Amino acid sequence: ELAPVACQVANKSCELLRTRPEIAACDAKDVGAAFARLQPGMGIKPHFWTAPPRLGVHLGLHTPPGAAMTVADRVVHWEEGKAVVFDDTYIHSVQHR
């Protein structure tokens, strides 16, 4: 189930996600979608997924300068409308400077 508050802000994205069987009809464990909004000075601490192995996908909807994700030893910058795919078992973090 998609979060109502997130769908108020990102209605078109939620409409699209509801049409995707990979999200809407999948009964696999730990499959889903989330929205994150980080103001300057905020971040997400380093973390990783333990099992089973999975890929993470981040899609930049609005990508202000200064926001970046570190995956292992690589820094990734988002671009609006482009997806970043990464191995969720590597340590990763996000920082918006």
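Attention in this report is confined to the structure presented alongside it. Given the structure is predicted, the values throughout are model-derived calculations rather than measurements.

Thresholds applied
Residues numbered from 1 in each chain as written. Predicted model: local features only at pLDDT ≥ 70, side-chain atom pairs only at ≥ 80, totals over all residues. Heavy atoms only, no water. Patch = residues over 30% accessible without salt bridge, like charges linked within 9 Å, V, L, I, M, F, W, Y side chains within 5 Å. Areas by Shrake-Rupley, 256 points an atom, 1.4 Å probe, with all protein chains shown as cover. Salt bridge = Lys/Arg side-chain N within 4 Å of Asp/Glu carboxyl O. Helix = DSSP H or I, 4+ residues; strand = E, 2+ residues; numbered from the N terminus. Phe/Tyr/Trp six-rings, centres within 6.5 Å; stacked < 30°, edge-to-face > 60°. Lys NZ or Arg CZ within 6 Å of the ring centre and 35° of its normal. Buried < 20%, exposed > 50% of the residue type's maximum accessible area, 1.4 Å probe, protein only. Arc of directions from axis to C-beta. Contact = heavy atoms within 4.5 Å. Polar contact = N/O pair within 3.5 Å; in protein donor to acceptor, adjacent residues only side chain to side chain. Core = buried A, V, L, I, M, F, W, Y, C linked by side-chain atoms within 4.5 Å.

A short note on a nonpolar patch on the surface
- Together, Phe-35, Leu-59 and Leu-61 make up an exposed nonpolar region whose accessible area comes to about 280 Å².
- Inspection of the secondary structure assignment puts Leu-61 in the loop between strand 2 (55–59) and strand 3 (67–71).

Some thoughts on the packing of aromatic side chains
- Per the counting criterion, the structure on display carries 0 aromatic pairs.
- Arg-54 extends its terminal NZ or CZ atom over the ring of Trp-49, reaching a point 3.6 Å from the ring centre.

Looking at helix 2 (residues 11–19)
- Looking only at helix 2, the buried set comprises Ser-13, Cys-14 and Leu-17. Buried residues of helix 2, viewed axially, fall in a sector of 95°; they line one side. Helix 2 presents Lys-12, Leu-16 and Thr-19 as exposed residues on the side facing more than 90 degrees away from its buried surface.
- Tucked inside the fold, the buried residues of helix 2 contact helix 1 (4–9) and helix 3 (21–24).

Quick word on the environment of His-47
- As for its placement among the helices and strands, His-47 is situated in strand 1 (residues 43–47).
- Since its relative accessible area comes to 36%, His-47 is described here as partly exposed.
- A sequence separation of 16 residues divides His-47 from Val-31, and the C-alpha atoms of the two residues are 18 Å apart.
- Residues in contact with His-47, not counting those within four places in the same chain, are Tyr-90, Ile-91 and His-92.
- Separated by 2.8 Å, the side chain of His-47 and the backbone oxygen of Lys-45 make a polar contact.

Some details on the nonpolar core
- Within the largest apolar cluster, 8 residues are counted, these being Ala-67, Met-69, Val-71, Val-76, Trp-78, Val-84, Phe-86 and Val-94.
- Counting only elements with at least two residues in this core, the list comes to strand 3 and strand 5 (83–87).
- Of the residues forming this core, the biggest block, 3 residues, is contributed by strand 3.
- What Val-76 contacts, discounting residues up to four positions off in sequence, is Ala-68, Met-69 and Val-84.

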